[in-house]
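Given next are the chains, with one letter for each unit.
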Amino acid sequence: MQHAAIEHFRAYQPRPFTRAERDQVTILFGGLHWRVERLIQGAMENLGYCTEVLPVATKEDLLAGRELADIGQCCPTSFTTGNLANVLRTKARATSPEDVAKKFVYVTAGSCGACRFGQYHQSYELALRNAGLGSFRMFLLAQNGLEQGAAEGGGLDLNLPFTLGAIWSVVASDIVQDMEYQTRPYEVHPGATERAARESIQHLYEAFRNSPVNGKKWSAPLWYIFTDYFRQAMREVRRKFERVEVDRLRVKPVVKITGEFYLQTVEGEPNYNIHRWLEAEGAEVYPAAITIWLDYLMRLAGQDYEDHIGIDRTARLKLAGIRTAMRLLRRTYDGMRRTLGDLPHEMPDQYELRELASPYYHSRLNGGEGDMLIGKALWAHHKKKAHMICELSPYSCMPNTMSIGAMAAVAGKFPDLLYAPLEIKGDAEVHALSRCQMILTEAKRRAQKEFDDVLKLNGLTPERARELLDTHPEMKRATYKIPRLGASGTAANLVLHLAEQARQ
């Protein structure tokens, strides 16, 4: 009897990508949302890279990922694996697999821990081998390092200018996305917000692409930290949104999006278009900022140093460095936010989130989004940032399964917290959205009651509130900041503000 040869596992090792190839090789990347991808593209082009953003994943990509890799994957793995495989197969049909392997490389983030995120690149490798593209090159950007050096061959240098450009792209895109989602539900002229957002991102893309940093390795950190360059670019963003007319007396529940990183970030079929679906159902969406994820990663690193104080003599110094980096990130975010009149939502404090979550979820269980999911839900509830929390969790995702279990205890203690945990499989849209719709109905009722209560409290009718609004045309601009006066909803806070103005 003849036995098959045993083939031992070998970790993926891409062929070198040389510096000489850089001008002829296009770097593929994706998996976020279009705003941040466009700005990262500008930052990379500033450093001399040729880039191409992958299209938003589709259900066809989900099926391809299951077919080519592992049917038991969580849906983010299947979507991103199939997306890359389908894009490369299309390119290979136009030329050849050898030509694709020569002219393109793929860059993605990586990690380790309880989440499958640490094994994504293994799924990609398996899928591409099964698709006849086994010689294609992929490179991993660790999500917890600023200076990772050059990949083999030197064609891709994951240095400070590269990673700082990506971080500032994330911050700027978060600000624009927040403005967009706060504005679109109330726009008077349909499409005006979308136009302002796209023009803003294109303006910022040009700013990143033409920035004077130009890969200056050692001066880049000082330039990014102290420059006013991006705040100047943000002033043009403000002018674009200034032209959007809004009617914020429309009563809409605010829905805070949380969940697994990919599903809460992407916009499209991978999460059933949940952002636009909620808006179509009459909600104001409070999107998940990627900057908060970066802040969380630094807090996790700081926790490791906290645990080693008294053991490692450098632990206190390293912890101080992490906290300084967190302050610099917040300073950068707040600076751009201030340029837009502090209208975009503020960043929650990571240590406040940890404290809020601590009775329900141990902060050292750090797979996926860990205790931050619990902390953000409680933070939004206690501070009246939203009427409802919508958590997007991949099917069979262990970290998110743990957070949903912990939220059962939270809901028991705070029964007035509206929480919609949606298990996303990628192909069970009706089930997930119908579940969300049931809870959204209650959120709508609460938003309307809140609005009616503040009208009654101030002796107003909807008609009188409208008359007061007409006397303040500046409040009809998207860039006018309505102060938060104790209500969760935008319309209720506007009524409180109008009543306050009328008493002066």
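Only a predicted model underlies this, so the values are computations on that prediction, with no experimental measurement involved.

Colleague: Just checking my understanding: could you explain the overall build of the protein chain for this structure?
Modeller: Per the secondary structure count, the protein chain includes 19 helices and 10 strands. Relative to the compact-globule value of 23 Å for 504 residues, the protein chain shows a C-alpha radius of gyration of 24 Å, a close match. Taken over the C-alpha atoms alone, the protein chain extends approximately 90 × 60 × 55 Å along its principal axes. Surface accessibility of the protein chain: about 21900 Å² in total, with carbon and sulfur atoms responsible for 54%. Positive and negative charge centroids in the protein chain, built from 64 and 61 side chains respectively, lie 3 Å apart.

Colleague: I tried to follow the environment of Met 388 on my own but got confused; where do I start?
Modeller: Relative to the elements of secondary structure, Met 388 occurs in strand S9 (residues 388-394). Residues Met 388 and Leu 47, 341 residues apart in the sequence, show an inter-C-alpha distance of 42 Å. Not counting residues up to four positions away in its chain, the partners in contact with Met 388 are Val 254, Val 255, Lys 256, Leu 418, Ala 420, Cys 436, Ile 439, Leu 440 and Ala 443.

Colleague: It is not clear to me how the packing of helix H1 (residues 34-46) against helix H6 (residues 160-183) should be interpreted in this structure. Could you clarify?
Modeller: The relative placement of two packed helices comes down to the angle between their axes together with the axis-to-axis distance. Here H1 crosses H6 at 150 degrees, and the two axes come no closer than 8 Å. Relative to H6, H1 is oriented roughly antiparallel. Here the hand of the crossing between H1 and H6 comes out right-handed. For the pair formed by H1 and H6, the contact residues are Trp 34, Arg 35, Val 36, Leu 39, Ile 40, Ala 43 and Met 44 on the first element and Phe 162, Gly 165, Ala 166, Ser 169, Val 170, Ala 172, Ser 173, Gln 177, Glu 180 and Tyr 181 on the second. In terms of residue class, the contact of H1 with H6 is made up of 11 nonpolar, four polar and two charged.

Colleague: What exactly am I supposed to notice about unusual backbone geometry here?
Modeller: With the exception of glycine, the majority of residues adopt a negative phi angle, and the majority of peptide bonds are in the trans configuration. Despite not being glycine, Tyr 272 has its phi angle at roughly 60 degrees, a positive value. With respect to the helices and strands, Tyr 272 occurs in the loop between helix H10 (261-265) and helix H11 (274-280). Residue classification places Tyr 272 among the buried positions, given a relative accessible area of 2%. Phi at Asn 273 takes a positive value of approximately 50 degrees, unusual for a residue other than glycine. One can find Asn 273 in the loop between H10 and H11. Look at Asn 273 and you get partly exposed, because its relative accessible area is 37%.

Colleague: Explain the packing of aromatic side chains here, please?
Modeller: To describe a pair of aromatic rings, you give the distance between the ring centres and the angle between the ring planes. Here the structure, examined in full by the defined rule, presents 12 aromatic pairs. Summarising the aromatic geometry, the rings of Trp 223 and Tyr 224 are spaced 5.0 Å apart at their centres and angled 80 degrees between planes, so their arrangement reads as edge-to-face. Arranged with centres 5.3 Å apart and planes meeting at 40 degrees, the rings of Phe 261 and Trp 293 form a pair that is tilted. Of this pair, Phe 261 sits in helix H10 while Trp 293 sits in helix H12 (residues 290-307), and the two are 32 residues apart along the sequence. Overall, the relative accessible area of 8% leaves Trp 293 in the buried class. An aromatic cluster is present here, built from Trp 168, Phe 208, Trp 223, Tyr 224, Tyr 229 and Phe 230 joined pairwise through their rings. Between the NZ or CZ atom of Arg 198 and the centre of the ring of Trp 34, over which it lies, the distance is 4.1 Å.

Colleague: Where do I start with H12 in this structure?
Modeller: In an α-helix, one turn spans 3.6 residues; hence positions three or four apart end up facing the same way. Between its first and last C-alpha atoms H12 spans 26 Å; for 18 residues at 1.5 Å apiece the expected length is 26 Å, and the two agree. For H12, the tally of buried residues reaches 13 of 18 residues, placing the bulk of the element in the interior.

Colleague: Just checking my understanding: could you explain the pattern of salt bridges for this structure?
Modeller: Where charged atoms of side chains with opposite charge meet at close range, the side chains can pair. Following the criterion strictly, the structure yields 40 salt bridges and no others. For Asp 470, the salt bridge identified is with Lys 476, shortest N-O distance 2.8 Å. In this structure Asp 470 comes out as partly exposed when scored by relative accessible area, which is 43%.

Colleague: Help me understand the side chain of Lys 256, please; the structure alone is not making it clear to me.
Modeller: Note that Lys 256 resides in strand S7 (residues 254-259). The charged side chain of Lys 256 is buried without a salt bridge, its nearest counter-charge being Asp 178 at 7.9 Å.

Colleague: I keep staring at the nonpolar core and nothing clicks. Help me out?
Modeller: Most often, soluble globular proteins have nonpolar side chains that are buried together. Counting 87 residues, the largest nonpolar core has Leu 156, Met 234 and Ile 374 as its most contacted members. Ranked by the residues each element gives to this core, the list is headed by H6, at 11 residues.

Colleague: Is there a simple way to explain the sheet that holds strand S10 (residues 419-424) in this structure?
Modeller: Sheet strands line up and pair through hydrogen bonds in the backbone, either parallel or antiparallel. On the basis of which strands lie adjacent, the open sheet formed by four strands has the order S8-S7-S9-S10 and parallel pairing. Looking at strand neighbours, the two that pair on one side only are strand S8 (284-286) and S10, the edges of this open sheet. Here the average twist between neighbouring strands, direction ignored, is 25 degrees. In terms of strand pairing, S9 meets S10 through six bridges, oriented parallel. Note that in S10 the partner of Ser 393 across the bridge is Glu 423. Lying on the sheet, helix H16 (residues 398-413) is in contact with S7, S9 and S10; it crosses S9 at an angle near 150 degrees.

Colleague: Which parts of the structure should I look at to understand the packing of H12 against helix H13 (residues 315-339)?
Modeller: At their nearest, the axes of H12 and H13 sit 8 Å apart, and the two run at 165 degrees to each other. Between H12 and H13, the angle is such that the two are roughly antiparallel. Considering the relative orientation of H12 and H13, their crossing is left-handed. Note on element contacts: H13 touches H12 through Ala 315, Lys 318, Leu 319, Ile 322, Arg 323, Ala 325, Met 326, Leu 329, Arg 330 and Tyr 333, opposite Thr 291, Leu 294, Asp 295, Met 298, Arg 299, Ala 301, Gly 302, Tyr 305 and Glu 306. Taken together, the residues of the contact of H12 with H13 break down into 11 nonpolar, two polar and six charged.

Colleague: Would you explain helix H2 (residues 59-68) in this entry?
Modeller: Taken residue by residue, H2 has Asp 61, Leu 62, Ala 64, Gly 65 and Leu 68 as its buried positions. Considered in projection along H2, the buried side chains sweep an arc of 165 degrees and stay on one side of the axis. When the buried face of H2 is taken as reference, the exposed residues oriented beyond 90 degrees from it are Glu 60, Leu 63 and Glu 67.

What counts as what
Residues numbered from 1 in each chain as written. Predicted model: local features only at pLDDT ≥ 70, side-chain atom pairs only at ≥ 80, totals over all residues. Heavy atoms only, no water. Helix = DSSP H or I, 4+ residues; strand = E, 2+ residues; numbered from the N terminus. Rg over C-alpha atoms; globule rule 2.2 N^0.38 Å. Areas by Shrake-Rupley, 256 points an atom, 1.4 Å probe, with all protein chains shown as cover. Lys, Arg positive; Asp, Glu negative; His and termini not counted. Charge placed at Lys NZ, Arg CZ, Asp CG, Glu CD. Contact = heavy atoms within 4.5 Å. Axes fitted to C-alpha atoms, helices over the stretch in contact; angles between N-to-C directions. Parallel < 35°, antiparallel > 145°, perpendicular 65-115°, else oblique. Left-handed = near helix turned anticlockwise from the far one by under 90°. Nonpolar A, V, L, I, M, F, W, Y, C, P; charged D, E, K, R; others polar. Buried < 20%, exposed > 50% of the residue type's maximum accessible area, 1.4 Å probe, protein only. Phe/Tyr/Trp six-rings, centres within 6.5 Å; stacked < 30°, edge-to-face > 60°. Lys NZ or Arg CZ within 6 Å of the ring centre and 35° of its normal. Expected span 1.5 Å × (residues − 1). Salt bridge = Lys/Arg side-chain N within 4 Å of Asp/Glu carboxyl O. Core = buried A, V, L, I, M, F, W, Y, C linked by side-chain atoms within 4.5 Å. Pairing = 2+ DSSP bridges. Arc of directions from axis to C-beta.

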